[in-house]
Amino acid sequence: MTVKELDTSYVANTYKRFPVEIVRGKGSYVYDENGKEYIDMGSGIAVNTFGLSDETWVNAVEAQLSKFQHTSNLYYSEPCAVLAKKLCEKTGMKKVFFSNSGAEANECAIKAARKYACEMKGEEYFTIVTLKNSFHGRTLTTLSATGQDRFHELFKPLTPGFVHVSANDEKELEEILKTQKIAAVMIECVQGEGGVMALSESYVKNLFALAKKYDVLTVVDEVQTGNGRSGMLYSYMNFGVSPDIVSTAKGLGGGLPLGATMLSEKLENVFGPGDHGSTFGGNPVCCAGAISVLDRLDDGFLKTVREKSKFLFDAFSGAKGIKSVSGMGLMIGLETEKAASDVVKECIENGVLCLTAKNKVRLLPALNIPYDALNKAVDVIKRACAD
Ligand SMILES: *Cc1c(COP(=O)(O)O)cnc(C)c1O
């Protein structure tokens, strides 16, 4: 049997895969089973921060792998401790809980917010406000947090304690904060799965001001937007706000599964022993990869991300067949005249891997993608949109 046949026969049918089998990659180039080369404009959904099999990252991971691969959270280990320190120093947050995915990072954020609100305001303050069109994960609780009915239909009953309000509507938010018992407000500064929609700066600022006024916590889901993707280390930094809780995952490990939930000073002691845990969380190999990723995301590098972002916005804005360009940093959505899925299909045929989000073509290249690859990809994508 071919790999495609094996997969179709034995892997649960939850993914609509593109007809491409990836067999190897280097940087922003990947190769399929027939040796065909593609420029990777998706980086494994914002995971491969420095592309595939990047040398610095591979060296960091291999060095840890040959020391030990796992030890459990019953013992201390250096990569986990060092990574937590780096995250705190770069964000001003005070404590980090490590997990293995974005959904788990959000689960931890939700538990932290509920415990804090319960202790400070009372156990009836468990509700978390999230935005319509948001995406926070696939576990039942993060699915409940997700403000898109299409994900909910078949999985009821959902976890109680979530209300969804429209993005960029301060009045609706204030009404809820004024009239209901709320623990926290949770947002993505750029909605990724929801169609690469950046929240307006005034809305984010007002949301933080309202959260302060009504004494509710702020949680920013940086699973997709984090780790340099937005052009700043974390996307909230573009808005000059200071969240109480930040969750991240995807690009943090640079290709290995790692989630992190960062707690500000207010919540630094919210958890005690036994309140939360994870067998694999803070795995030393994943943390070693993440340390090498974070070390490279300095101000000079982030500037190059913003420059590449501008290059892409300029290249696509007003191009034939492209109705609008949205997003931030190297997280870009193209509203196309043709169906996004047709554009992506044509790009694959012409050697460029793109993603979709809702009705948009979504681009999430590796943050170090070279300009020659970007130029080639832009040509292919523009042609696919135009014809
Ligand atoms: C991908 C994503 C998640 C879920 O992450 P998993 O690692 O798939 O669990 C949560 N929130 C946002 C904003 C995401 O983009």
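Residues numbered from 1 in each chain as written. Predicted model: local features only at pLDDT ≥ 70, side-chain atom pairs only at ≥ 80, totals over all residues. Heavy atoms only, no water.

Asker: Can you lay out the sheet that holds strand β16 (residues 355-357) for me, pointing to particular residues and giving the numbers?
Answerer: Strand order across the open sheet formed by four strands is β13-β14-β17-β16, with antiparallel pairing between neighbours. Two strands in the sheet have a free side with no partner beyond their single neighbour: β13 (322-328) and β16. For this sheet, the mean inter-axis angle between neighbouring strands, taken without regard to orientation, is 30°. Taken together, the three bridges between β16 and strand β17 (residues 360-363) define a ladder with antiparallel strand orientation. By the bridge assignment, T356 is partnered in β17 with V361. (Pairing = 2+ DSSP bridges. Helix = DSSP H or I, 4+ residues; strand = E, 2+ residues; numbered from the N terminus. Axes fitted to C-alpha atoms, helices over the stretch in contact; angles between N-to-C directions.)

Asker: Let's hear about the domain arrangement of the chain: which residues, and what values?
Answerer: We note that the domain assignment places domain 1 (3-53 + 299-386) and domain 2 (68-294) within the chain. Once you take the C-alpha centre of each, domain 1 and domain 2 turn out to be 26 Å apart. Here domain 1 meets domain 2 over a buried area of about 2100 Å², counting both sides, of which 62% is carbon and sulfur. Area buried by domain 1 at its contact with domain 2 is led by M328, M331 and K358, which between them contribute 33% of it. In this structure, the connection of domain 1 to domain 2 is made through one salt bridge. For R362, the salt bridge is made with E193, and the minimal N-O distance between the two is 2.9 Å. Run the count over domain 1 and domain 2 and you get 13 residue pairs in polar contact (both at pLDDT 80 or more). At the level of secondary structure, the elements contributing two or more residues to the side of domain 1 that touches domain 2 comprise α2 (43-46), α11 (299-316), β13, β14 (331-336) and β17. Here the residues of the side of domain 1 that touches domain 2 are counted per class, giving 15 nonpolar, seven polar and four charged. (Domains from an automatic or database assignment. Buried area = accessible area lost by both parts, 1.4 Å probe. Salt bridge = Lys/Arg side-chain N within 4 Å of Asp/Glu carboxyl O. Polar contact = N/O pair within 3.5 Å; in protein donor to acceptor, adjacent residues only side chain to side chain. Nonpolar A, V, L, I, M, F, W, Y, C, P; charged D, E, K, R; others polar.)

Asker: If you had to explain the site of the ligand to someone new, which residues and values would you point to?
Answerer: Around the ligand, the surrounding shell consists of S101, G102, A103, N106, F135, H136, G137, E188, D221, V223, Q224 and K250. One of the backbone nitrogen or oxygen atoms of G102 is found 2.8 Å away from an oxygen atom of the ligand. F135 is positioned with one of its backbone polar atoms (N or O) 3.3 Å from a nitrogen atom of the ligand. Bound to the protein, the ligand loses 82% of the 380 Å² it would expose on its own. In terms of residue count, the dominant contributor to the shell around the ligand is helix α5 (residues 102-121) (three residues). Split into classes, the residues belonging to the shell around the ligand amount to three nonpolar, six polar and three charged. (Near = heavy atom within 4 Å. Areas by Shrake-Rupley, 256 points an atom, 1.4 Å probe, with all protein chains shown as cover.)

Asker: Can you explain the layout of surface pockets? Please cite residues and give values.
Answerer: Volume-wise, the second largest pocket comes out at about 590 Å³. Lining the second largest pocket are 21 residues, and of these K95, V96, F97, F98 and F271 sit closest to its centre. Mapped onto the lining of the second largest pocket, the elements with two or more residues apiece are α4 (78-91) and β4 (95-99). When the residues that make up the lining of the second largest pocket are grouped by side-chain class, the tally is nine nonpolar, eight polar and four charged. (1 Å grid on protein atoms, 1.4 Å probe; cavity = no way out; pocket = protein on both sides within 12 Å on 5 of 7 lines; lining within 4 Å. Points joined across faces, edges and corners; volume = space filled by probe spheres on them.)

Asker: Mind laying out the nonpolar core, listing which residues take part and the relevant values?
Answerer: Core analysis: the largest hydrophobic core is formed by 96 residues, its most contacted members being L87 and I381. With eight residues, the top contributor of residues to this core is helix α13 (residues 371-386). Setting aside chain neighbours within four positions, we find L87 in contact with V96, F98, Y234, L252, A260, M262 and L294. (Core = buried A, V, L, I, M, F, W, Y, C linked by side-chain atoms within 4.5 Å. Buried < 20%, exposed > 50% of the residue type's maximum accessible area, 1.4 Å probe, protein only. Contact = heavy atoms within 4.5 Å.)

Asker: I'd like a rundown of the pattern of salt bridges, residues and numbers included.
Answerer: In total, this model carries 17 salt bridges according to the counting rule given. Between R296 and D54 there is a salt bridge; the shortest N-O distance is 2.7 Å. Taken together, the residues R296 in helix α10 (residues 284-296) and D54 in the loop between α2 and α3 (55-65) connect sequence positions 242 residues apart. Owing to a relative accessible area of 12%, D54 belongs among the buried residues under this scheme. K338 is the salt-bridge partner of D387, the closest N and O atoms lying 2.8 Å from each other. With D387 in the segment after α13 and K338 in the loop between β14 and α12 (340-349), this residue pair connects regions lying 49 residues apart in the sequence. One salt-bridge network, held together by shared partners, links K115, E119 and D275.

Asker: Please give an account of the packing of aromatic side chains that cites residues and values.
Answerer: Counted by the stated rule, this structure contains three aromatic pairs. The cationic tip of R296 hangs over the ring face of F50; the distance from NZ or CZ to the ring centre is 3.8 Å. Directly above the aromatic system of Y371 lies the positively charged group of K308, at a separation of 5.6 Å from the ring centroid. (Phe/Tyr/Trp six-rings, centres within 6.5 Å; stacked < 30°, edge-to-face > 60°. Lys NZ or Arg CZ within 6 Å of the ring centre and 35° of its normal.)

Asker: How would you summarise the sheet that holds strand β1 (residues 22-26) if you had to cite specific residues and measurements?
Answerer: Two modes of strand pairing occur in sheets, parallel and antiparallel, and in both the strands are linked by backbone hydrogen bonds. The four strands lie next to each other as β1-β2-β3-β15, forming an open sheet whose pairing is mixed. A single partner strand is all that each edge strand has here, and the edge strands are β1 and β15 (352-353). Pairing of β1 with strand β2 (residues 29-32), which is carried by four bridges, proceeds in the antiparallel orientation. Bridge assignment links K26 to a residue of β2, and that residue is Y29.

Asker: How would you explain the environment of G251 if you had to name every residue and give the values?
Answerer: Within the fold, G251 resides in the loop between β11 (245-248) and β12 (259-263). A relative accessible area of 4% places G251 in the buried class. A C-alpha to C-alpha distance of 30 Å links G251 and F126, two positions 125 residues apart in sequence. Setting aside chain neighbours within four positions, we find G251 in contact with A46, V47, T49, V223, N227 and V293.

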